[in-house]
Structure formats: C-alpha cells, structure tokens
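Residues per chain are reported as follows:
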Amino acid sequence: MKSISRLRRSIIFSIVSVLAAILALGIIILNVSLFQREKNETMEFLQTMARNDGVAHPGSPTRLHRLFRNFPNLIDAVSVLNAEDDSADSFFPVRLEAVGFRNAFAVRVSEKNQITHVIHLRPLVFTEEEVRKIVQKILSKDDDKGLTMGMLYYVEKLPQNERLICIANMQGDIRVFHVLIIYSIAVYLLALGLATLFAFMLSAAIVRPVKEAFKKQKTFISDAGHELKTPIAVIGANVDVLMADHGDNKWLQYIKAENQRMGLLIKDLLYLARSDADRAPFELCPFDFSSAVTNSVLPFESLAYEQGKTMELSTTEGLTCMGSEQQIKQVVMILVDNAIKNSERGALIRVSAFLDGKKLVIKVYNTGQGIKKEEYERIFERFYRTDESRTRETGGYGLGLPIARTIVQAHGGTISVTSKYGEWAEFIVSLPRD
C-alpha cells in the first residue's frame, strides 16, 4: 500500500535525520574542542616562554599525542600521510621524531625585522632558511598571536622596538587531527548505516497496527459498498414502479434523487477503496487527449447556459496522452462540475488544455467565491467541504477532488489549486505526455 510505504519512509527519514544531526554535532564539537583546547594550552605554553625570555622548558606530550599513543596504527597513518605529501602546501617537512611534543623555540627580531638570536633548548628541527621564512610569514601577519603554516606563534614586544617571537610546531598535531577527522567520518557513516537499518526494522513495527487498522477500514468500506448496492438498486426499481402506477409527485422525486445520490456515493467509495488497495482498474493506452478534454466539457455547456454562466473552452489540437481516457475524462468532468457548483450567476468558467514542455496541462478556472489559502490542501481530503450551506444546495459529499487527485497521481501527474479568495479559483492538472 502506497500510503503505508510513504509512512514508513517518513519514519525512517525522520529517525535517521535526527540521529545524523545529533551525531554530526557531537563529532564536530568533540573534534573542534579537542584541537582548540590543545591550541589554547600551547598558546599558554608560548606565553610562559615569552615571560621566560624565550626559554622553553621540556614539556609533557601534547593532548592529541596522549590520546593517540595507545593507537600506534593512527601514528603510522600520520607517517604515511607525511611521506606521501609532496604538495606545495607543505612548506617544510614534519619531523616525526618531534611530533607529539611541544617542539618550541623563540626568535629575537630587531627593529628592522632582522633575526638576531634563535633561542632553543632542544635540537632545532628547522634549517636557518626555514626559520627565516617562518618568521617572515609571521611578521607579514601583523598579529600578536595566531596560527600559520602549522606554526602557532606569540609575539612579545621588547624595548628598543625589538620583538620576541615564540613559536610552537603544531604540524604534527594538525596531521593527527586530520587522521582523527577521517576516523570520525568513518564512524559517522557506519553509525548512519546502523541507524538506517534500525529505523527500517523499527518502522515496520510502528506501522503494523496502522496497517492492520487501514486494512480493516478498507475492507469495511468495500464490503459495506457492495452490500448497499443491492438495496439501492431495489429502491430505485420500486420508485420507478410507484411513479408508473401512481403518477409522478414531488415525494417520489425526492426519494429518487436521494437514491441516485446514494448510488453515486457508494460508487465513489468503492473506487477509493480499490485505489487504496492498488486494485483500481487502470488501462494504459494512447488516446486523443485534446478530444477527451473537449468531449468532457461539452455536456456542461447547456447546464452553464441555464444557470446564466459563460463557459469558454480552449484546447490545442492533436495532443495525445498515454493512460486511461475514461479516467482523464472523469477528472475533467469533476473539475468542471466543481467550477459550476462553486460559482454564481454571471460567472466565467474557462477550461484550457495545452502542452507545456513535456507536460500536458489542464486548467479549469472560474470566477466566484474562491478558496482560502489554508484550504488549498484540505479540499483534496475525503469528505472535506469548504462551504456546508453551498453543499446542501448543490449536493456532493466531498469525494470528487480526492478522486481526481487519485486518478492524476496514478498517471504520474500532479493537481494543484490557486485562488484569490472572493474573486476566482483555478485548478491545474499536469500529466506526463508519454
């Protein structure tokens, strides 16, 4: 059943979407906070260096290194990434023997931005040329602190316009952080796959009671419709006999009219029940679309004339459609009948059929009361009627538009409405040509 399948898809989509959003948010917060905290701790380390005239005491392993030291495969992955990375973005190589520890040094720079002294306790892993390029890049930033080329720096102003630049190599931490992101994405995708499987099984359990109730409802409508067809036919036959024996009178006419309305209601209910069960009769064959629209509208011209309404018909000749001609005619008749019933004397009713790209379009326009915007979707619900007083005058049970939408959707098309309340309304049907 299509409605049950749509419900299951909605449940699966909702569950997976919520879990995906929550999990993504958690992973992003975890990764960003981990790196940001490491960055903040390293900055504090650099500020301590600055207060200590650029001397860096041997520090403990960084947070990222402590996290990964029990996972040697991840450190190996960093080594592989480093060995294979020959891009221009790698300004200089990462010395893996220094990765994981705050490998920091300080540089004194003169007023003319010349390096006067390089301060370091541990062996410096950069050449003089690399140090010069790093310092030039930092000075071009014109910031007191920041991160550039994988180097976190802090600039302390000294007397005589000199500056002390404390630098920590965070390239190794960044590489480890990139590996952490890759593993996080892998875990995220695996979790989404498991969540989809879980949602699929859960949705089946959720919709099972709905499916049973829906099945019972359709069975009841179908059985009740079949049971009512016989007494309605008998009533109609008896009314005809009474009218033949006793003459026509308004009481018998009332009985006959209401019996006919009941017969149409049963017919519509049976069609919707079969459609819900995907058993509605449907013959797929090519037919003359233009002729079908014209022949559906012509019978209403006399009715519109009697009610003092103007009907206009405009169709593009030679259009063909693949589907059920009888059902498409029924859609047009429903929309035209709806336009006549919901318009006043002197109203204009205009029907047009034409080709729009690869779509066949039917438009049924009428002046009149129109439809409120909040009712655009509700009018396609079964038994919904916008104006109860008008319904009593014109008849109908609110099943015409739901049947029209069911037929159009079965043909792979769409039906919609647009209106200016108090002035006009227009229904638009779009069907695939082939």
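These lines cover the structure that appears in this document, whether it is placed above or below.

Basis of the calculations
- Residues numbered from 1 in each chain as written.
- Predicted model: local features only at pLDDT ≥ 70, side-chain atom pairs only at ≥ 80, totals over all residues.
- Heavy atoms only, no water.
- Helix = DSSP H or I, 4+ residues; strand = E, 2+ residues; numbered from the N terminus.
- Salt bridge = Lys/Arg side-chain N within 4 Å of Asp/Glu carboxyl O.
- Buried < 20%, exposed > 50% of the residue type's maximum accessible area, 1.4 Å probe, protein only.
- Phe/Tyr/Trp six-rings, centres within 6.5 Å; stacked < 30°, edge-to-face > 60°.
- Lys NZ or Arg CZ within 6 Å of the ring centre and 35° of its normal.
- Pairing = 2+ DSSP bridges.
- Axes fitted to C-alpha atoms, helices over the stretch in contact; angles between N-to-C directions.

## What about the environment of Ala191?
Moving on, step 1. Position of Ala191 relative to the elements: it lies in helix H5 (residues 171-246).
Moving on, step 2. As a C-alpha pair, Ala191 and Ala20 span 171 residues in sequence and 8.4 Å in three-dimensional space.

## Here we look at unusual backbone geometry
Moving on, step 1. Phi at Asp53 is positive, roughly 60°, even though this residue is not glycine.
Moving on, step 2. Tracing the sequence through the fold places Asp53 in the loop between helix H1 (2-51) and helix H2 (63-68).

## Structural notes on the pattern of salt bridges
Moving on, step 1. Per the counting criterion, the structure on display carries eight salt bridges.
Moving on, step 2. Its salt-bridge partner being Glu41, residue Arg37 comes within 3.9 Å of it at the nearest N-O pair. Taken together, the positions of Arg37 and Glu41, both in helix H1 and four residues apart, correspond to about one turn of that helix.
Moving on, step 3. Looking at Glu41, the relative accessible area reads 21%, which means it is partly exposed.

## With respect to the packing of aromatic side chains
Moving on, step 1. Throughout the structure, instances matching the rule amount to four aromatic pairs.
Moving on, step 2. The residue whose ring lies beneath Arg8 is Phe200, and the NZ or CZ to ring-centre distance is 4.5 Å.
Moving on, step 3. The ring of Phe380 has Arg405 sitting right over it, with the charged end atom 4.2 Å from the ring centre.

## What about the sheet that holds strand S2 (residues 115-119)?
Moving on, step 1. The five strands lie next to each other as S2-S1-S5-S4-S3, forming an open sheet whose pairing is antiparallel. Bordering the open sheet on either side are S2 and strand S3 (145-148), each of which pairs with just one other strand. Strand-to-strand twist across the sheet, computed as the mean angle between neighbouring axes with direction ignored, equals 25°.
Moving on, step 2. Judged from the seven bridges that link them, strand S4 (residues 151-157) and strand S5 (residues 163-169) form a sheet pairing that is antiparallel. Residue pairing for S5: Tyr154 is matched across the bridge by Cys166.

Geometric descriptors of this kind do not, in isolation, establish any biological role.
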